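Next come the chains, spelled out residue by residue.
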Amino acid sequence: MSACVPTRNDHPSRSSRPPRDSGIKRTHSPPPPPRGRRFRISGANLSASITVFLIAVPMSLGLAVAMDAPLEAGLVSAAIGGIVAGLLGGAPLQVSGPSAGLTVVTAELIQIYGWRTTCAITIGAGLLQILLGSLRAARSALAVSPAIVHGTLAGIGVAIALAQLHIVLGSTPQSSVLDNALALPAQLTHLSPAAPFIGGLTIALLVLWPRLPGRVGLMVGRIPAALAAVAIATAVAAVATPGIARVDLPSWSSHALPELPQGSAAALATAVLTVMLVASLESLLSAVAVDKLAADRAAAPPKDGTTPASPVKRSDLDRELRAQGIANTLAGMFGGLPVSGGAVRSSANVRAGATGRSATVLHGFWVLLAAVLLVAALEWIPLAALAALVMVVGIQMVSFAHIRNVHKHREFPVYGATITGVILAGVLKGVAIGIAVAVVIALHRLARTRITVSEQEGRYLVTVRGQLTFLAVPRLSRTLGRLPQGADAIVELDGFFMDHAAYETIQEWRTSQIALGGRIVFTGRSGGRIGEPASAAHSCCRPWTPWRNHHCHDRSEHAIESAASTASPSTATASTSTPASTAHTTDRRGAHWLLRGLSSFQRTTAPLVREELARLAAEGQRPSQLFITCADSRLVTSMITSSGPGDLFTVRNVGNLVPLPDTEGESSDDSVAAAIEYAVDVLKVESITICGHSGCGAMQALLGGAPDAPRTPLWRWLRHGLPSLDRMKSRHHTWARISGRLPADAVEQLCLTNVVQQLDHLRAHDSVARRLAAGTLQLHGMYFHVGEAQAYLLTEGESSGTGPDEVFARVAPGPEHGTEPSWDPSRGSGPELTAELAPESTPQPCGAPVRTAHAVPGTAVDA
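Throughout, residues of each chain are indexed from 1 in the direction in which the sequence is written. Whole-chain, interface and lining totals are the exception, using all residues; otherwise, since this is a predicted model, local features are given only for residues with pLDDT of at least 70 and side-chain atom pairs are given and counted only at 80 or more. To get the side-chain values, take all heavy atoms of the structure and skip hydrogens and water.

Would you mind going over the packing of aromatic side chains with me for this structure?
A ring pair, where both rings are aromatic, is described by two values, the distance of the centres and the angle of the planes. The rule is short: rings of Phe, Tyr and Trp, with Trp giving its six-membered ring, pair when the centres are within 6.5 Å, and they are stacked under 30 degrees, edge-to-face over 60, tilted in between. Throughout the structure, instances matching the rule amount to four aromatic pairs. Residues Phe-649 and Tyr-678 carry aromatic rings whose centres are separated by 5.9 Å and whose planes lie at 40° to one another, so their mutual orientation is tilted. Residue Phe-649 is found in strand β8 (residues 648-653), and its partner Tyr-678 is found in helix α27 (residues 671-682); the two are separated by 29 residues along the sequence. Relative accessible area decides the class of each residue, using a 1.4 Å probe on protein chains only: under 20% of the type maximum gives buried, over 50% gives exposed, and in between gives partly exposed. With relative accessibility at 17%, the residue Phe-649 sits in the buried group. With centroids separated by 6.4 Å and ring planes inclined at 70°, the aromatic side chains of Tyr-783 and Phe-808 adopt a geometry described as edge-to-face. Secondary structure elements are defined from DSSP: runs of H or I of at least 4 residues count as helices, runs of E of at least 2 residues count as strands, and each element is numbered from the N terminus.

Which parts of the structure should I look at to understand the side chain of Arg-246?
Take Arg-246: it is sitting in the loop between α10 (225-240) and α11 (265-299). Any N or O atom pair separated by 3.5 Å or less is treated as a polar contact, with the protein-specific requirement of one donor-capable and one acceptor-capable atom, and with residues adjacent in sequence counted only for side-chain atom pairs. For Arg-246, the side chain forms a polar contact with the main-chain oxygen of Trp-380, separated by 2.9 Å.

How should I be thinking about the environment of Gly-133 in this particular structure?
Here Gly-133 lies in helix α4 (residues 115-134). Considered as a pair, Gly-133 and Asp-318 are 185 residues apart in the sequence and their alpha carbons are 4.8 Å apart. What Gly-133 contacts, discounting residues up to four positions off in sequence, is Asp-318, Leu-321 and Arg-322. Contact between two residues is taken to exist if any of their heavy atoms lie within 4.5 Å; hydrogens are not considered.

I would appreciate a short explanation of the sheet that holds strand β5 (residues 489-494) in the present structure.
Each strand in a sheet pairs with its neighbour through backbone hydrogen bonds, running either in the same direction (parallel) or in the opposite one (antiparallel). Strands are treated as partners if at least two bridges between them are detected by DSSP. Strand order in this open sheet of four strands is β3-β4-β5-β6, and the pairing throughout is mixed. With partners counted over all chains shown, the strands left at the sheet margins are β3 (450-456) and β6 (520-523), one partner each. Taken pair by pair, the neighbouring strands of this sheet meet at an average axis angle of 15°, ignoring direction. Judged from the seven bridges that link them, β3 and strand β4 (residues 459-465) form a sheet pairing that is antiparallel. Bridged to Arg-450 within β4 is Arg-465. Where helices are involved, their axes are fitted lines through C-alpha atoms of the stretch in contact, as for all axes, and angles between N-to-C directions lie from 0 to 180°.

What am I meant to see in the environment of Met-276 here?
Counting through the fold element by element, Met-276 comes out in helix α11. Residue Met-276 is classed as buried on the basis of its relative accessible area of 7%. Not counting residues up to four positions away in its chain, the partners in contact with Met-276 are Ala-125, Leu-128, Gln-129 and Leu-132.

Can you walk me through the nonpolar core in this structure?
Here is a general trend for soluble globular proteins: nonpolar side chains tend to be buried in one another's company. Ranked by size, the top nonpolar core spans 76 residues in total, and within it Leu-61, Ile-121 and Val-367 carry the most contacts. The leading source of residues in this core is helix α1 (residues 43-67), at eleven residues. Other than its neighbours up to four places away in sequence, Val-367 contacts Phe-53, Ala-56, Val-57, Leu-75, Ala-78 and Ala-79. Membership of the second largest hydrophobic core comes to 41 residues, among which are Val-680, Cys-696, Trp-717 and Leu-762. Note on terminology: a nonpolar core comprises buried Ala, Val, Leu, Ile, Met, Phe, Trp, Tyr and Cys residues joined through side-chain atoms within 4.5 Å.

Looking at this structure, how should I read the packing of helix α8 (residues 194-208) against α10?
When two helices pack together, their arrangement is given by the angle between the helix axes and by the axis-to-axis distance. It is the contact of α8 with α10, at a shortest axis distance of 9 Å, that shows an interaxial angle of 150°. Put simply, α8 runs roughly antiparallel to α10. In this structure, α8 meets α10 at a crossing whose hand is right-handed. Two secondary-structure elements touch here, α8 through Phe-197, Ile-198, Leu-201, Thr-202, Leu-205 and Leu-206 and α10 through Ala-225, Ala-226, Ala-228, Ala-229, Ile-232, Ala-233, Val-236 and Ala-237. Under the convention adopted here, Pro, Cys and the residues Ala, Val, Leu, Ile, Met, Phe, Trp and Tyr are nonpolar, Asp, Glu, Lys and Arg are charged, and Gly plus all remaining residues are polar. Across the contact of α8 with α10, the residue classes tally to 13 nonpolar, one polar and no charged. When describing relative orientation, an angle under 35 degrees is termed roughly parallel and one over 145 degrees roughly antiparallel, while 65 to 115 degrees is termed roughly perpendicular and anything else oblique. Crossing handedness follows the turn of the near helix against the far one: under a right angle anticlockwise gives a left-handed crossing, and clockwise gives a right-handed one.

For this particular structure, what's the right way to read the packing of α1 against helix α2 (residues 71-88)?
For the pair α1 and α2, the least separation of the axes is 7 Å and the interaxial angle reads 130°. Relative to α2, the element α1 lies oblique. The element α1 and its partner α2 pack so that their crossing is right-handed. Between α1 and α2, the contacting residues are Val-57, Ser-60, Leu-61, Ala-64 and Val-65 on the first element and Leu-71, Gly-74, Leu-75 and Ala-78 on the second. Split by residue class, the contact of α1 with α2 holds seven nonpolar, two polar and no charged.

Explanation requested: a nonpolar patch on the surface in the structure shown.
Patch members must show over 30% relative accessible area and no salt bridge, and they are joined within 9 Å when carrying like charges or within 5 Å when they are nonpolar side chains of Val, Leu, Ile, Met, Phe, Trp or Tyr. Surface accessibility follows the Shrake-Rupley procedure with a 1.4 Å probe radius. Residue values consider only the protein chains on display as shielding. Each salt bridge in this description consists of a side-chain nitrogen of Lys or Arg and a carboxyl oxygen of Asp or Glu lying within 4 Å of one another. On the surface, Leu-369, Val-372, Leu-373 and Leu-374 cluster together into a nonpolar patch covering about 400 Å² of accessible area. Structurally, Val-372 can be placed in helix α14 (residues 358-373).

I'm lost on the pattern of salt bridges in this one. Help?
Opposite charge on two side chains lets them pair, provided their charged atoms get close. For the structure on display, the rule yields ten salt bridges. Here Arg-727 and Asp-760 are joined by a salt bridge, their closest N and O atoms 2.9 Å apart. Of this pair, Arg-727 sits in helix α30 (residues 722-729) while Asp-760 sits in helix α31 (residues 746-763), and the two are 33 residues apart along the sequence. Judged by relative accessible area, Arg-727 falls into the buried class, the value being 11%.

I would appreciate a short explanation of the environment of Leu-461 in the present structure.
Counting through the fold element by element, Leu-461 comes out in strand β4. Residue Leu-461 is classed as buried on the basis of its relative accessible area, which comes to 18%. With 29 residues separating them in the primary sequence, Leu-461 and Ile-490 have C-alpha atoms 4.9 Å apart. Not counting residues up to four positions away in its chain, the partners in contact with Leu-461 are Thr-452, Val-453, Ser-454, Gln-456, Ile-490 and Glu-492.

Looking at this model, I keep getting lost on the pairing of β4. Mind explaining?
Successive side chains on a regular strand alternate, one facing one side of the sheet and the next facing the other. Counting buried residues in β4 gives six out of seven residues, a clear majority hidden from the surface. Hairpin connection of β3 to β4: two residues between the antiparallel strands, including Glu-457 at a positive phi of 55°. Looking at chain direction, β4 and β5 are connected through six bridges and run parallel. Considered in β5, the bridge of Arg-465 is made with Asp-494.

Is there a simple way to think about unusual backbone geometry in this case?
Negative phi values dominate among residues other than glycine, just as trans dominates among peptide bonds. Positive phi, normally seen in glycine, also occurs at Ser-642, with a value near 50°. You can see Ser-642 is positioned in the loop between α26 (637-640) and β8. Phi angles above zero are rare outside glycine, and Asn-656 is one such case at about 45°. Here Asn-656 lies in the loop between β8 and α27. Residue classification places Asn-656 among the buried residues on the basis of a relative accessible area of 2%.

Explanation requested: the pairing of strand β7 (residues 625-630) in the structure shown.
Among the six residues in β7, six count as buried, and that is most of the element. In the sheet, β7 pairs with strand β9 (residues 687-693) via five bridges, with the strands oriented parallel. Note that in β9 the partner of Phe-627 across the bridge is Thr-689. Note: β7 against β8, six bridges, orientation parallel. Across the sheet, Leu-626 pairs through a bridge with Phe-649, a residue of β8.

Mind showing me how you'd approach the side chain of Gln-324 here?
Tracing the backbone through its elements, the reader meets Gln-324 in helix α12 (residues 317-333). A polar side-chain atom of Gln-324 sits 2.7 Å from a polar atom in the side chain of Ser-96. With near-sequence residues (within four places) excluded, Gln-324 lies in contact with Ala-85, Gln-94, Ser-96, Gln-129, Ser-283, Val-339, Ser-340 and Gly-341.

Spelled out as structure tokens, the structure:
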């Protein structure tokens, strides 16, 4: 038997959100502004920038070759992406440059519109990115199914690899993926040895360079594989094949700039949307991947005693999208390729040890210097080497890890449809095909529901496999309708979704069966019982937690007055004649309010607890502990201990006092002693807890009491608390502490001291003393701070002073229900119930924790 989880507030208050300076970060939320200088160049960032530069130059030239664009356009995009996106972006470690994902799209645009119009399309895509980033739409882009995103990138990778294979073989690529595939057999029959040799050498170096063994591999492994492959292939080509086609960088004076686009407005808008979509998805996915790489690097233990990497803040995706838009706008204006964040360059930047955006910006400056000063050296690079480099990048875009992941989540049809669509119909149409297949599969899964019925010893078992939506309601209704009226049934639900139509069908059937004398139980696949949710009409006060929103009531005042008139006509008449304000007060505090609570219990809670209470009535009570606490109305014992019927044997009085036994005269009181004797000797409870609370009126009365106070019943009862007052004033006892601090005031000090003193009184009772000596009973002290809704448990430790310290340790939130707390008496703490006290004290528990299945479940004590 478990209690329902309280309902959440639909509109949490601003005070519940973590403050900006609390250090709590939301996922992909904007980082706070950095302190001091924003741009700092460290040795690690300088080294990383050189590494990324050596990768970016050959890759930028290779992508330009693959797109059939001016070669200098690749260098322009690399420089602008590094400097502009690096300075303004929200992902400090991401390196931007020519987009590998847009290779096929850009090549097609150049063939259709020409280079200058393609630059104008890039400008339009950049402006659209700026708009979407300003509207904070970046996170929405990540809502696309990963199977569609990875399928799109894989399809683009296949297209890149097939196109560059023709250049590696010494020919030129065709206009489409199918043409490239169909022309490949003829190309293999007419090979010129120079280009395939250089291309094959480049591919072999790219694959084997990171895997070189021994000390030599460790030394040369610091050189990027892309740089080593292109440099060695260039050197070999200069000696072995001097006539091979090489890079031809034209004069910068002839560099082409954008022009106004010409063509169909719809086609141009589609082109702009395609470039924006692919570039944005590639950049945002790369930013998320870079965050993971940086987090893994920070979490990894340092090697060779080096300083561990400092954690990097998560990327601000909206800021990154705006920066990519600005970079694309400038790249189009200056005649560059479309820009996006690149996974290859970014991962190299992280692995090279970059710690900030200065590495990205410096890499852009190095590319800019190389484009101006190293033109002669770059023109020695063979085109076959660059084509082989880009072909390997395209092959790497088809990730087998992604294929395994989508297959594990049963989304491979979406992945395969997206790849096929991108290859055969283009990027935008391929994405549309993938979305359509994903929707069809989702509808199929929602509609695929198996419902079976079996009979076991007169009770029916209804098994539902799959999701319950309106599509399954007809079959569900027919199946439930075939069961005999008033029959007992178990409904086993194995699914994670139920829409309103299915819920209403089940609820109406359940209500009719119960009305006819049937017993209906809902379980999951493992057999665990599912707690019934409140109906829509009673959602403001959930069953089992009527205290949750006890000020809200779902019945109208008319219904309340009708119920009241049924119970007491005279009372109803008086209420009707009372003014509105007075009636409200009377209804809140008088019989009407109590009647309303009883009616709510009968309507919502009683149907759920009736079976359990019937079992307890037949078996008798078997509480596991005696709980002695104050009569204060703010203290709800079942709420703070998460206990249910039959768990606690509770004694409540003013001040949670335990009179000493065998006292004579006016101070004698046997009611508490009788309850203790009955709980210990008859009920055989395993533990006794004395619980005090903050702001206790009895303790305030003791502090402010006068010696000549009148001998009223309240005063005679409070005399049992005078030993607590004397203990607090005594120099022979150390003051109790709460969670490693001194109490806030004298009232809180007396509340804590009173718990300790009443435990001493409890030990003086004969029945308790016998059970303690036998080791079959344990005592606990507890303090509940009402204003903080925080519980504290009493521990005892030996300090270096003159006496024991009484420390109330904070109970921290623990795991979910079902995990019982533990406390190792030899250590004073356990894996789930631990007391972290002040450094000068060693915790020693005064007893084991609450052992009932519902009292303080899965808690941990944290001082």
